[in-house]
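# Structural description and commentary
This is what each chain is made of:
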Amino acid sequence: MSTILFELGCEELPPKSLKPLRDALQASVTEQLTAADITFDSIKAFAAPRRLAIQIQGISDKQPDRTEQKRGPAIKAAFDAEGNPTRAAMGFAKGLGIEASELTTINTDKGDYVGFEQTIRGQATTELLPAIFQTALDNLPIAKRMRSGASRNEFVRPVQWAVLMQDDTVIDATIQGHQTGTQTRGHRFHSPDYHNIAHANDYEQLLDGLKVVADFDKRQMLIKNQVKALADEVNSDAIVPQDLLDEVTALVDFPIALRASFEARFLQVPQEALISTMQADQKYFCLTDKTGKLQPYFIFITNIESKDPNQIIEGNEKVVRPRLADAEFFFLQDQKQPLFALTESLKNRVFQDKLGTIWEKSERIAKLAAFIATLMQQQGHDINVDETVRAGILSKADLASSLVGEYPELQGIAGTYYARLNDEPEAVAASLEEQYLPKFSGDVLPQTPIGICLALADRLDTLVGIFAIDQAPTGSKDPFSLRRSAIGILRILIEKQLPINLVALVEQAIKGYSDAEGSKIAKMGDTFTQVMAFLNSRYRAMYTEQGVSVDTIQAVQAINPHMPLDFDQRIRAVQAFSELSQASMLADSNKRVANILAKSEVSVADTVDEALLSESAEQNLYANVKQAQTVVQPLLEQADYTQVLQTLASLDEPLTQFFDQVMVNSEDAALKNNRLALLKQVRALFLTVADISELQL
């Protein structure tokens, strides 16, 4: 058992790709070693700005020997009548490098064959490793590879050196066009020269001394701890998004955190703008107080252990000041006119060539949001319809602002700030930011009633419009993010407990495209059908992400509920039903009932003639069905689907006895039709919740 060290030294690797490259390299090497039957105790990947490395400890020196059974021609073809080997047998033996006399007999179900058990000697690990590492590098997820100078070898960045060692010995190989050796390089500034690695086990410790923290996770933890310590000194919390943390970790070999400050006057600017520019442009960690209010400090990570850190701090303060001043300028410039005045320019800005301007979209959002607000009012929600209309008209106004023009990610957020400065009602102001929620899977939902109305109206309007002009998503292409919008609609209606029918919403959204001159939607019926089908298809993606089984989703989709909240309640009920001991039998019985009814050549009656129930098993089933119908009716009115299915579980034994003792397809047509009517009632009871026959239990 020994230790293997592989290191590829490069020019600075792309910071956003470094962590994925590290993980992919380790995964590929691990997979190849396993496939080659090479055992090892542990494998660790390293990643720093100028290197990718793998250290494998306790690796076996060679593959184990293995025995392979080679099968040749059938016995009848291998030997003649006198028992002498034929040309077929001798050719097979010659191919294996043995005498025909060494062949054995292999017995199989298909007959007897000649064969030979051959021992394959395992290769030395050191012979296999160069190809394993080169293959791993070739398979890395690199969008665009480059060549350096006259070299024909391609990689994400020019390669400078390669290390491949077994313990203290070089494994001679050429990887990425470089001869392997034992020399690595330290920090670009603190220790730029080549340094010899005495032993593969010394790698991490050696680089630590050369001012390179090669372990990505260790380097990241150092950054987090330093940032927290500096934030604590000013009684603040640092904003540390994981993506930014990963990128900063990939930018430095030897992280040193420093805290700087900026003028407090900039805090009058929306803090989202300041945070955005400091994170995206400068890779800074911003600080907030305990309530989330931005503080006039930021923390940055330097890659140099400076003798005079103040110079670096002053330099960063000097760099960030003009960026903050730009945000301040745009913010103040926008305030020279009220938010509503910005809507005028929306009349000349196109939302989509065939769907009109952004102003027209705002008008449609206002009308649809008012419709939703009216429904919510009827359901007891405290919402002002006039304020909802006002919010809809203002919903896209900030798209014409200078601040959003510079920082597009502030759409909605800027509108909220400007609405408050203009003394718009708080319900209106808050909704302008909330209209874009949720922005991604698992994101928070809008909290205010008007925000909910805008979020639904905006998504529905886009969904209907894009489908109407035949731009529906295809395959992996979804330029208008309609899949995400559809799931956002479903989530809002479900999680906000809004019993609103999708049919009504989609119909109203389609009407919004009509005016005195006609409708922008040529095929309203087709658009309605396509949008409804698209929304219903999103249930599967949404619920499978939550761990709900596909058959449970299909059971509910089979009855096509049009109210997302109702759909969700049915899903939960079917999940609970699936845990019952009777569930499997009832699912099978429902399949049987469905098949029997589907094969019926006559129209099955809705009512049962009690006088024709001649068998005790069918009488018992009928009595239980009647009782279940009585119990279930008030439960359905309360949408208590879980209790409905719990009640119907009592039909387990009566159904089993019915199928065991009663011949449904009786020669007596009256008896047969009556029994079919009874099964139709059983089927109808379960279909009040879902199609249980879809369950695979």
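Above this text is the structure in question.
Notes on the structure in this doc start here. Since the model is a prediction, treat every value here as computed from it, not as a measurement.

Conventions used here
Residues numbered from 1 in each chain as written. Predicted model: local features only at pLDDT ≥ 70, side-chain atom pairs only at ≥ 80, totals over all residues. Heavy atoms only, no water. Helix = DSSP H or I, 4+ residues; strand = E, 2+ residues; numbered from the N terminus. Core = buried A, V, L, I, M, F, W, Y, C linked by side-chain atoms within 4.5 Å. Buried < 20%, exposed > 50% of the residue type's maximum accessible area, 1.4 Å probe, protein only. Contact = heavy atoms within 4.5 Å. Phe/Tyr/Trp six-rings, centres within 6.5 Å; stacked < 30°, edge-to-face > 60°.

The next point concerns the environment of Asn 225. Position of Asn 225 among the secondary structure elements: in helix H6 (residues 216–233). Note: C-alpha distance between Asn 225 and Leu 355 (130 residues apart in sequence) is 52 Å.

All right, on to the nonpolar core then. Core analysis: the largest hydrophobic core is formed by 137 residues, its most contacted members being Met 278, Ile 372, Leu 403, Leu 502, Tyr 543, Leu 645 and Leu 648. Ranked by residue count, the leading element in this core is helix H16 (residues 449–468), at 13 residues. Residues contacting Leu 502, with those up to four places away along its chain left out, are Ile 489, Leu 490, Leu 493, Met 532, Leu 535, Tyr 539, His 562 and Pro 564. In terms of nonpolar packing, the next biggest core, distinct from the first, is built from 37 residues, Phe 133, Val 159, Leu 164 and Ala 173 among them.

Given two aromatic rings, one states the distance between the centres and the angle between the planes to describe the pair. Considering all chains together, one arrives at 13 aromatic pairs under this definition. Between Tyr 284 and Phe 300, the aromatic rings sit 6.0 Å apart at their centres with planes inclined by 50°, giving tilted as the arrangement. Note that Tyr 284 is positioned in the loop between helix H8 (271–280) and strand E17 (285–288) and Phe 300 in strand E18 (residues 294–302), a separation of 16 residues in sequence. In this structure, Tyr 284 and Phe 300 share a single accessibility class: buried. Taken together, the ring pairs connect Tyr 284, Phe 298 and Phe 300 into an aromatic cluster.

In this section: helix H20 (residues 550–557). Looking only at H20, the buried set comprises Asp 551, Thr 552, Ile 553, Ala 555 and Val 556. Close packing links the buried residues of H20 with helix H19 (524–545) and helix H21 (564–578).

Moving on, we come to the environment of Asn 310. Residue placement: Asn 310 occurs in helix H9 (residues 309–334). Its relative accessible area of 48% is what places Asn 310 among the partly exposed residues. Separated by 353 residues in the primary sequence, Asn 310 and Met 663 have C-alpha atoms spaced 93 Å apart.

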